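Chain residues, written in single-letter form:
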Amino acid sequence: MTGLVYYSSRSGNTARLMERLGLKALRLPQTEPSPEVDAPYVLVTPTFADGEGRGAVPKSVIKFLNNTRNRALLQGVIAGGNRNFGTTFALAGDVIAKKCDVPVLYRFELAGTETDIARIRAGLARFWAAQEQQTCLTQA
């Protein structure tokens, strides 16, 4: 399986989800310089939108994706949020998907449920298998 990169705020919801997933992942720092990745990855991020949807993508994620190499290796996004915010639920995923031309693979609430964990694991396995198959076909 290829990599996961995630951002988690001080609330720790995304970090708890990632811990329960048990998959190797790179955590983006909240304040330090952004790392550079060297392999395809799926980004997991919370949403920080106001009532109008402004500010949905965390600043650390924006900084990370402003690096052209990091953006080029992005394959998909998984977004978290809170359903109490209605139309802005997991909006960061939609914003990133549109700007980076990648699919939103999944949306979860807060730190996710056991069902979310199982679906994300299974979905990522299918996604990376399909990506690998596509790569093999284009190289043939």
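Everything below is about the structure printed above this text.
Presented here is an overview of the structure given in this document. (Residues numbered from 1 in each chain as written. Predicted model: local features only at pLDDT ≥ 70, side-chain atom pairs only at ≥ 80, totals over all residues. Heavy atoms only, no water.)

### With respect to the overall build of the protein
Looking only at helices and strands, the protein features 5 helices and 5 strands. Mapped from its N terminus to its C terminus, the protein presents α and β elements in the order β-α-β-β-α-α-β-α-β-α. A total of 140 residues make up the protein; the buried ones form 44% of that total. Pairs at least 24 apart in sequence give 67% of the contacts found in the protein among residues at least 6 apart. On the protein, roughly 8,000 Å² of surface is accessible, and the fraction owed to carbon and sulfur atoms is 50%. The positive charge centre, built from 17 side chains, and the negative charge centre, built from 12, are 2 Å apart in the protein. (Helix = DSSP H or I, 4+ residues; strand = E, 2+ residues; numbered from the N terminus. Buried < 20%, exposed > 50% of the residue type's maximum accessible area, 1.4 Å probe, protein only. Contact = heavy atoms within 4.5 Å. Areas by Shrake-Rupley, 256 points an atom, 1.4 Å probe, with all protein chains shown as cover. Lys, Arg positive; Asp, Glu negative; His and termini not counted. Charge placed at Lys NZ, Arg CZ, Asp CG, Glu CD.)

### Describing the pattern of salt bridges
Overall, the coordinates contain 4 salt bridges when judged by the stated rule. For Arg83, the salt bridge goes to Glu109, with nearest N and O atoms at 3.7 Å. Linking Arg83 in the loop between strand E4 (74-81) and helix H4 (91-100) with Glu109 in strand E5 (residues 104-109), this pair joins segments that are 26 residues apart in sequence. (Salt bridge = Lys/Arg side-chain N within 4 Å of Asp/Glu carboxyl O.)

### Brief notes about the nonpolar core
If you look at the biggest cluster of nonpolar residues, it comprises 18 residues, and the most contacted ones within it are Tyr41, Leu43, Val61, Leu65, Leu74 and Ile96. Per-element accounting of this core gives the leading share, 4 residues, to H4. (Core = buried A, V, L, I, M, F, W, Y, C linked by side-chain atoms within 4.5 Å.)

### Some details on the side chain of Asp116
Along the chain, Asp116 turns up in helix H5 (residues 114-139). Of the buried charged residues, Asp116 lacks a salt bridge, with Arg119 as the closest side chain of opposite charge at 5.2 Å. A polar atom in the side chain of Asp116 sits 2.9 Å from the backbone nitrogen of Thr113. If sequence neighbours within four positions are ignored, Asp116 has contacts with Tyr106, Phe108 and Glu109. (Polar contact = N/O pair within 3.5 Å; in protein donor to acceptor, adjacent residues only side chain to side chain.)

### Focus: helix H1 (residues 13-21)
For H1, the set of buried residues is Asn13, Thr14, Ala15, Leu17, Met18 and Leu21. Residue Gly22 follows H1 closely and has a positive phi angle near 70 degrees.

### Examining H4
Listing the buried residues of H4 in full gives Leu91, Ala92, Gly93, Ile96, Ala97 and Cys100. Among the structural elements, strand E3 (41-45), helix H2 (59-65), helix H3 (68-73), E4 and E5 are those in contact with the buried residues of H4. In the segment just after H4, Asp101 is the residue with positive phi, at about 55 degrees.

### Concerning the packing of aromatic side chains
Tallied over the full model, the rule gives 3 aromatic pairs. With centroids separated by 5.6 Å and ring planes inclined at 70 degrees, the aromatic side chains of Tyr41 and Phe64 adopt a geometry described as edge-to-face. Of this pair, Tyr41 sits in strand E3 while Phe64 sits in helix H2, placing them 23 residues apart in sequence. The class for Phe64 is buried, based on a relative accessible area of 0%. On the numbers, 5.3 Å between centres and 65 degrees between planes, the contact of Phe127 with Trp128 is edge-to-face. By relative accessible area, which is 14% here, Phe127 ends up buried. (Phe/Tyr/Trp six-rings, centres within 6.5 Å; stacked < 30°, edge-to-face > 60°.)

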